[in-house]
Amino acid sequence: MTTLKTFLCTTAVTLSLLSLAGQQANAGQIYQDWNYGIDSFSDAYGGSEYEIKGMAIKEFGNQVYVGITGNMPLTGIKDENINIGWSDLFFNFTGQNFQTASNDQQLFAVRFVNNNNTSITSGVYTAVKAKSTTTSHNGYSSLKEYYDHGWGKTNTQGTDFATKQSVYEYYYPTSIAHHPTTYNTLILNAIKSGTRIGDISILSELNLSTAGLDFGHFNALGTQTFGFSFDKNLIANGDYVANLFLDCGNDGIALKGKGKVKSIPEPNPTTSLFVLGLVFSINQIRKSCKKSCSQLK
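Among all positions of helix 3 (residues 143-151), only Leu143, Tyr146, Tyr147 and Trp151 are buried. Here the buried residues of helix 3 occupy an arc of 95° about the axis, which is enough to place them on one side. In this fold, the buried residues of helix 3 make contact with helix 4 (164-171).

This is the structure we're talking about:
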């Protein structure tokens, strides 16, 4: 009876630890294998249609899936006879700030919509250098100007870049990040040059939902949800930052990822405790069996 009680107690503790380990594994912004960045819901200048609410990335078979939600339609909107929509999505695998990686032409980028009739067509690009389109789309000339007008909200560019300083430190070298001005914080939001290396496929909200995307889990569902996919072998492997602005720079979002396209939760002490509890339970069962066998002999 004592052995049975010990076993039952240990089993209960083990199951509790298993539950806690599961909670820890699902903590943060990883949900159903998607890596989410959830943006502020009130940091878009010009009206609610400029609001970006979230972005998520997932590896799905041999494809990278990207989901975006907000109030800006995929085709953009007209503002003073200028079409304003989504700029290009950048992937930075270098570990350097964005401006340095851009100057060295070490970025990957995806053009997923052709709203502005440029010579760069939709697709995946490598060896990318970025440029700014914000002033030609009635937007802010710099990130500092955007923040000076009061748009530095919590989660200013998503969960991984929640403060203005963290955004400055990602986009610019240290000398600029610690001394930002309206002249040195240009918003680089579009492909200036690069080599096209592959196609993309536009995905509907239904396509993304079928693949497990759920912005509603974070109460971050905008009026417009869409995305795209591309061959995962077109981009590098390793830790990265993915970032996206609107053509006008009136809102932006970024997220960090590990491996090729998704974050893996860090090991935590709870997992180790679970393993120890499981090993203890197995040892108790073995001792009980040996004792029973000895009594039978």
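With that settled, consider the pattern of salt bridges. A full pass over the atoms with the stated rule returns four salt bridges. Linking Arg111 and Asp88 is a salt bridge whose minimum nitrogen-to-oxygen distance equals 2.9 Å. Of this pair, Arg111 sits in strand 8 (residues 107-111) while Asp88 sits in the loop between strand 6 (82-84) and strand 7 (89-92), and the two are 23 residues apart along the sequence.

Counting residues in hydrophobic clusters, the biggest one holds 33 residues, and the most contacted among them are Trp86, Leu89, Phe91, Phe112 and Phe230. At the level of secondary structure, the elements contributing two or more residues to this core comprise strand 3 (52-60), strand 4 (63-70), strand 7, strand 8, strand 12 (224-231), strand 13 (240-245) and strand 14 (252-257). Setting aside residues up to four positions removed in sequence, Phe112 forms contacts with Ile68, Leu74, Trp86, Ser87, Leu89, Ile200, Ile202, Phe226, Phe228 and Leu244. Membership of the second largest hydrophobic core comes to 28 residues, among which are Tyr140, Leu143, Tyr147 and Tyr171.

Within the secondary structure, Ser141 is located in the loop between strand 9 (123-131) and helix 3. For Ser141 and Thr182, which are 41 residues apart along the polypeptide, the C-alpha to C-alpha distance reads 7.4 Å. At 2.8 Å, the side chain of Ser141 forms a polar contact with the side chain of Glu145.

The next subject is the sheet that holds strand 10 (residues 190-198). The strand order across the open sheet formed by six strands is 10-9-8-7-13-14, and the pairing between neighbours is antiparallel. A strand with exactly one partner marks an edge of an open sheet, and here the two such strands are strand 10 and strand 14. The sheet shows a mean angle of 30° between the axes of neighbouring strands, direction not considered. As paired strands, strand 8 and strand 9 are joined by four bridges and run antiparallel to one another. For Val110, the partnering residue across the bridge sits in strand 9 and is Val124. On top of the sheet, helix 4 reaches strand 7, strand 13 and strand 14; it is set at about 105° to strand 13, its chief contact.

What follows covers the sheet that holds strand 12. The six strands lie next to each other as 1-2-3-4-12-11, forming an open sheet whose pairing is antiparallel. Looking at strand neighbours, the two that pair on one side only are strand 1 (30-31) and strand 11 (201-203), the edges of this open sheet. Across three bridges, the pairing between strand 11 and strand 12 is antiparallel. By the bridge assignment, Leu203 is partnered in strand 12 with Gly227.

Turning to the pairing of strand 2 (residues 34-38), a few remarks are in order. Most of strand 2 sits out of view: five of its five residues are buried. Neither face of strand 2 is exposed, since Trp34, Tyr36 and Ile38 on one face and Asn35 and Gly37 on the opposite face are all buried. Across two bridges, strand 1 lies against strand 2 in antiparallel orientation. Of the residues in strand 2, the one forming a bridge with Ile30 is Asn35. The antiparallel pairing of strand 1 with strand 2 creates a hairpin that spans two residues between the two strands, and Gln32 there sits at a positive phi of about 50°.

Mean pLDDT for the protein: 83, with 77% of residues reaching 70 or above. Confidence over residues 262-282 falls short of pLDDT 50; this stretch has 30 contacts with residues more than four positions distant or in other chains.

Rules of the game
Residues numbered from 1 in each chain as written. Predicted model: local features only at pLDDT ≥ 70, side-chain atom pairs only at ≥ 80, totals over all residues. Heavy atoms only, no water. Buried < 20%, exposed > 50% of the residue type's maximum accessible area, 1.4 Å probe, protein only. Helix = DSSP H or I, 4+ residues; strand = E, 2+ residues; numbered from the N terminus. Arc of directions from axis to C-beta. Contact = heavy atoms within 4.5 Å. Salt bridge = Lys/Arg side-chain N within 4 Å of Asp/Glu carboxyl O. Core = buried A, V, L, I, M, F, W, Y, C linked by side-chain atoms within 4.5 Å. Polar contact = N/O pair within 3.5 Å; in protein donor to acceptor, adjacent residues only side chain to side chain. Pairing = 2+ DSSP bridges. Axes fitted to C-alpha atoms, helices over the stretch in contact; angles between N-to-C directions. pLDDT = per-residue confidence, 0-100.

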